Amino acid sequence: MDQSTRSRSTSSNLKLEHGRPLTVEGLLPALVADGLLASSELADLRQSVGMTANTGHPLVWLASRKLKAADSGKALDKERLLAWLGQRSGLEVVRIDPLRIDLSRVAEVVSSQYATRHHILPLAVGAHQVTIATAEPFCTAWVGELRRSLGKEIVRVLADPDDIARYAVEFYTLAHSVRTARGNGSMPVQSNFEQLVELGRSGRNLDANDAHVVTIVDWLWEYAFEQRASDIHLEPRRDVGTIRFRIDGVLHHVYQVPPTVMLAMTSRIKLLGRMDVVEKRRPQDGRIKTRMSDGREIELRLSTLPTAFGEKLVMRIFDPDVLVRDFESLGFSAHELATWRRMIDRPNGIVLVTGPTGSGKTTTLYSTLRALASDEVNVCTVEDPIELVDSSLNQTQVQPGIGLNFAAGVRALMRQDPDIIMIGEVRDLETAEMAMQAALTGHLVLTTLHTNDAPSAVTRLLELGIPGHLLNATLVGVLAQRLVRVLCPHCKSADAGLAAEQWRALIHPYRGQAPARVYRPVGCLQCRMTGFRGRAGIYELLQMDEGLKAEIGSSAPSLDRIRRHAVAAGLRPLRVAGAGKVASGLTTCEEVLRVAPPVDLKPADMAASPARTELANAAHASNASNAAEAEPVEQGAPPATRVASSLLI
């Protein structure tokens, strides 16, 4: 039987099933006819079906058998079976993404009982049509009923039956909790500047321990952990409260709740975080430790801020498995890791980690401390706040209200026989001086600054008032970093290289041939159709040497001269480090340009480079791997600090 005859036969068989649910017995012949299943397996499968009292949905049962596709040998999993069923039924296959669904609207389309009875779930509501997911593509009796009752066209899509069953319960439970919670409370007073005129109104606010509020908060955390969110934002507005998740550095809208429900949610979370629930006029900080369904403990750091429409609450999620990682998974190349280990293996001195908020400094520091901590050393920290409680560290929380600031904390730690000290942040001259004193007395000090790049950290300390000779005696090096989104390995697609202008903008002030092949984001089920999954660091490492010390110790040290010397001595700027990630297919040029500052150097101002031979060898290695090759702009340019070779790392 040829392919066309086989397709017609299969289509005819499937048409006989219209109006009836899918069955394993009905699907097996079609799978054999389409070459996905070997006919020799039919007998065993039919026997297994007969011995099973309740197989559940046929696709789920077939996927659980861990079969191999007869035509390709690949696993016949649910995704493969769904794709096949979508082709046979003519329906688009979608993955249900709770972050893209307006639960308040879709829950009003049909009742929970109706959705459960027909194995359907509304996904989107438009002006003229409603999109509904189904796991039974040939059961269409409900389509006409909804078309008449809603007065809109019904667009059917095919979805994972397990997802439909799960989200049907969770969506309707959440929507019911929000409706019930809203009905139990009144509009909030005093939390909204525009509602102060309503002080005389009677009524009660929702209680933080209301069962429906508890359900909503639990749902919020569960989804945040599941979606790999790093932050949860609860933002009050004039007429509605907005919930957003930050995933891979980008905020995503999740849900909207009535103001009364938002106020009750905030109170519930503040209560769990041991914060003052009554106080809404000043910012507060708190902490919650909770447990995921798989048993992992997760910490949330809470921060409230009074706004025009009430308290804004942000929860930063600290997953120990994410916060403490090995250096390779953080994005360190072999060359960068070797340099970083030389810096942190010193017995004394100061090592700075710099970058803006959200650039991954905390993860780098905790991963470093975990690597250094052992039974032979005493590792102590002074933090504000303690980001992650670690049993291998002696951690101290700054408490300005009782005079325990960073400087006082370091002063106390000096009497605790420490080997390694981590200071959360150098904010003032007093803290900087205590850090220098600790380094001079034989301790390794790790701390952070907020500067754009590594050379700027040196001038920041000088501007704070640290003498140049003291900085030369204590500073070991500086690590500047940023986070770039990583292309999803499941769907990224090869592209035909970069435009010359785009590549020049990325590696300026160097020049070189763009990589022969780069990758672009596509979007799939694994990355929620964003094209990116996870983030990795790009790093800029500055090491102290005699030339740098001479500039710092001069009568008028200059940031430009410090930067030029550092680049000539081997510093690789952040954008050039990002170019390595682009050439190796980990991220995109646009992503690096978005997060990394431009290299503030001019070719005419660059010092002579002593490493042209090293650059030539690196360019040769780059050509061999189809990555970018680079060379200095002119004879007096720096060696791009192994631009080409680092692109391969």
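Scroll up to find the structure this text is about.
Notes on the structure in this doc start here. What you are looking at is a predicted structure, and each value in this text was computed from that prediction instead of being measured.

1. What about the overall build of the chain?
Right, so step 1: Along its length, the chain carries 26 helices and 18 strands.
Right, so step 2: Sorting the 649 residues of the chain into buried and exposed places 51% on the buried side.
Right, so step 3: Long-range contacts, defined here as pairs at least 24 residues apart, represent 65% of the contacts in the chain between residues at least 6 apart.

2. Side note on the sheet that holds strand β2 (residues 129-134)
Right, so step 1: The strand order across the open sheet formed by three strands is β1-β2-β3, and the pairing between neighbours is mixed. Of all strands in the sheet, those bounded by a partner on one side alone are β1 (120-125) and β3 (153-158). Averaged over neighbouring strand pairs, the angle between their axes works out to 30 degrees when direction is ignored.
Right, so step 2: As paired strands, β2 and β3 are joined by six bridges and run parallel to one another. Counterpart to T131 in the pairing with β3 is V155.
Right, so step 3: Contacting β1, β2 and β3, helix α8 (residues 141-150) runs over the sheet at an angle of about 140 degrees to β3.

3. Some points on the packing of aromatic side chains
Right, so step 1: According to the stated counting rule, one finds seven aromatic pairs in the structure shown.
Right, so step 2: Through successive ring pairs, a cluster of aromatic residues spans Y167, F171, W219, Y223 and Y255.

4. Section: the side chain of K152
Right, so step 1: Examined against the element boundaries, K152 turns out to sit in the loop between α8 and β3.
Right, so step 2: A polar side-chain atom of K152 sits 2.9 Å from the main-chain carbonyl oxygen of G126.
Right, so step 3: Setting aside chain neighbours within four positions, we find K152 in contact with V125, G126, A127, H128, Q129, V130 and R147.

5. Side note on the packing of helix α18 (residues 454-464) against helix α22 (residues 559-569)
Axis angle and axis distance: for two packed helices, these are the angle between their axes and the distance between the axes, and together they describe the pair.
Right, so step 1: Orientation of α18 relative to α22, taken along the N-to-C sense of each, is 140 degrees, at an axis distance of 9 Å. With respect to α22, the element α18 is oriented oblique. Judged by the twist between their axes, the crossing of α18 over α22 is right-handed. Every residue of α22 that contacts α18 at P455, S456, V458 and T459 is listed here: L559, I562 and R563.
Right, so step 2: Each residue belonging to the contact of α18 with α22 can be placed in one class, and the counts come to four nonpolar, two polar and one charged.

6. Focus on the sheet that holds strand β7 (residues 284-291)
Right, so step 1: Sheet architecture is open: six strands sit in the order β6-β5-β4-β9-β8-β7, paired in antiparallel fashion. Each edge of the sheet is formed by a strand with only one pairing partner; in this case those strands are β6 (250-257) and β7. On average, adjacent strands in this sheet sit at an angle of 20 degrees to one another, irrespective of strand direction.
Right, so step 2: Bridge analysis of strand β4 (residues 231-236) against strand β5 (residues 241-247) gives six bridges, and the strand direction is antiparallel. The residue bridging D231 from the neighbouring strand is R246, located in β5.

7. Examining the nonpolar core
Right, so step 1: In this structure, L234, I243, F245 and M315 are the most contacted members of the largest nonpolar core, which totals 63 residues.
Right, so step 2: The leading source of residues in this core is helix α10 (residues 211-226), at nine residues.
Right, so step 3: Aside from chain neighbours lying at most four places away, what touches F245 is L99, L220, Y223, A224, A229, D231, I232, V250, L251, H252 and V254.
Right, so step 4: Counting residues in each nonpolar core, the second largest holds 42 residues, with L352, A435, V478 and I552 among its members.

8. Observations regarding the packing of helix α16 (residues 406-413) against helix α17 (residues 429-440)
Right, so step 1: At their nearest, the axes of α16 and α17 sit 8 Å apart, and the two run at 20 degrees to each other. By the angle between their directions, the pair α16 and α17 is classed as roughly parallel. Every pair of crossing elements has a handedness; the one defined by α16 and α17 is left-handed. Between α16 and α17, the contacting residues are F406, A407, V410 and R411 on the first element and E430, T431 and M434 on the second.
Right, so step 2: Split into classes, the residues belonging to the contact of α16 with α17 amount to four nonpolar, one polar and two charged.

9. Some thoughts on the pairing of strand β11 (residues 379-383)
Right, so step 1: With five of its five residues buried, β11 lies for the most part within the structure.
Right, so step 2: Side chains of β11 alternate between two faces, with V379, T381 and E383 and C380 and V382 buried alike.
Right, so step 3: Bridge count between β11 and strand β13 (residues 420-423): four bridges; the pairing is parallel. Residue pairing for β13: V379 is matched across the bridge by I420.

10. Points about α10
Right, so step 1: Here α10 contains 16 residues, and its C-alpha end-to-end distance of 23 Å stays within 8% of the 22 Å for a straight helix at 1.5 Å per residue.
Right, so step 2: Burial in α10 covers these residues: V213, I216, V217, W219, L220, W221, Y223, A224 and F225.
Right, so step 3: Phi for R228, located one or two positions after α10, is positive at around 60 degrees.

11. Examining unusual backbone geometry
Right, so step 1: Cis geometry is adopted by the peptide bond preceding P385, which originates at D384 and carries an omega value of -5 degrees.
Right, so step 2: Within the secondary structure, P385 is located in the loop between β11 and β12 (394-397).
Right, so step 3: We note that R228 has phi near 60 degrees; this positive angle belongs to a residue other than glycine.
Right, so step 4: Secondary-structure assignment places R228 in the loop between α10 and β4.
Right, so step 5: Of the residues examined, R228 reaches a relative accessible area of 31% and is grouped as partly exposed.
Right, so step 6: For R274, which is not a glycine, the phi torsion comes out positive at approximately 55 degrees.

12. A look at the layout of surface pockets
Right, so step 1: The space that makes up the second largest pocket amounts to roughly 990 Å³.
Right, so step 2: As for the second largest pocket, its lining consists of 32 residues, and the residues nearest its centre are V94, R95, I96, D97 and L525.
Right, so step 3: Taken together, the elements giving at least two residues each to the lining of the second largest pocket come down to α5 (78-89), β1 and α9 (161-184).
Right, so step 4: Among the elements that take part in the lining of the second largest pocket, α5 stands out by supplying four residues, more than any other.
Right, so step 5: Classifying every residue of the lining of the second largest pocket gives 15 nonpolar, four polar and 13 charged.

13. As for the pattern of salt bridges
Right, so step 1: Evaluation of the coordinates by the stated rule reveals 29 salt bridges.
Right, so step 2: We note a salt bridge from R427 to D384, for which the minimum N-O separation is 3.4 Å. Taken together, the residues R427 in the loop between β13 and α17 and D384 in the loop between β11 and β12 connect sequence positions 43 residues apart.
Right, so step 3: For R427, a relative accessible area of 45% puts it in the partly exposed group.
Right, so step 4: Since its relative accessible area comes to 30%, D384 is described here as partly exposed.

Basis of the calculations
Residues numbered from 1 in each chain as written. Predicted model: local features only at pLDDT ≥ 70, side-chain atom pairs only at ≥ 80, totals over all residues. Heavy atoms only, no water. Helix = DSSP H or I, 4+ residues; strand = E, 2+ residues; numbered from the N terminus. Buried < 20%, exposed > 50% of the residue type's maximum accessible area, 1.4 Å probe, protein only. Contact = heavy atoms within 4.5 Å. Pairing = 2+ DSSP bridges. Axes fitted to C-alpha atoms, helices over the stretch in contact; angles between N-to-C directions. Phe/Tyr/Trp six-rings, centres within 6.5 Å; stacked < 30°, edge-to-face > 60°. Polar contact = N/O pair within 3.5 Å; in protein donor to acceptor, adjacent residues only side chain to side chain. Parallel < 35°, antiparallel > 145°, perpendicular 65-115°, else oblique. Left-handed = near helix turned anticlockwise from the far one by under 90°. Nonpolar A, V, L, I, M, F, W, Y, C, P; charged D, E, K, R; others polar. Core = buried A, V, L, I, M, F, W, Y, C linked by side-chain atoms within 4.5 Å. Expected span 1.5 Å × (residues − 1). 1 Å grid on protein atoms, 1.4 Å probe; cavity = no way out; pocket = protein on both sides within 12 Å on 5 of 7 lines; lining within 4 Å. Points joined across faces, edges and corners; volume = space filled by probe spheres on them. Salt bridge = Lys/Arg side-chain N within 4 Å of Asp/Glu carboxyl O.

This is a description of form; function is not addressed.
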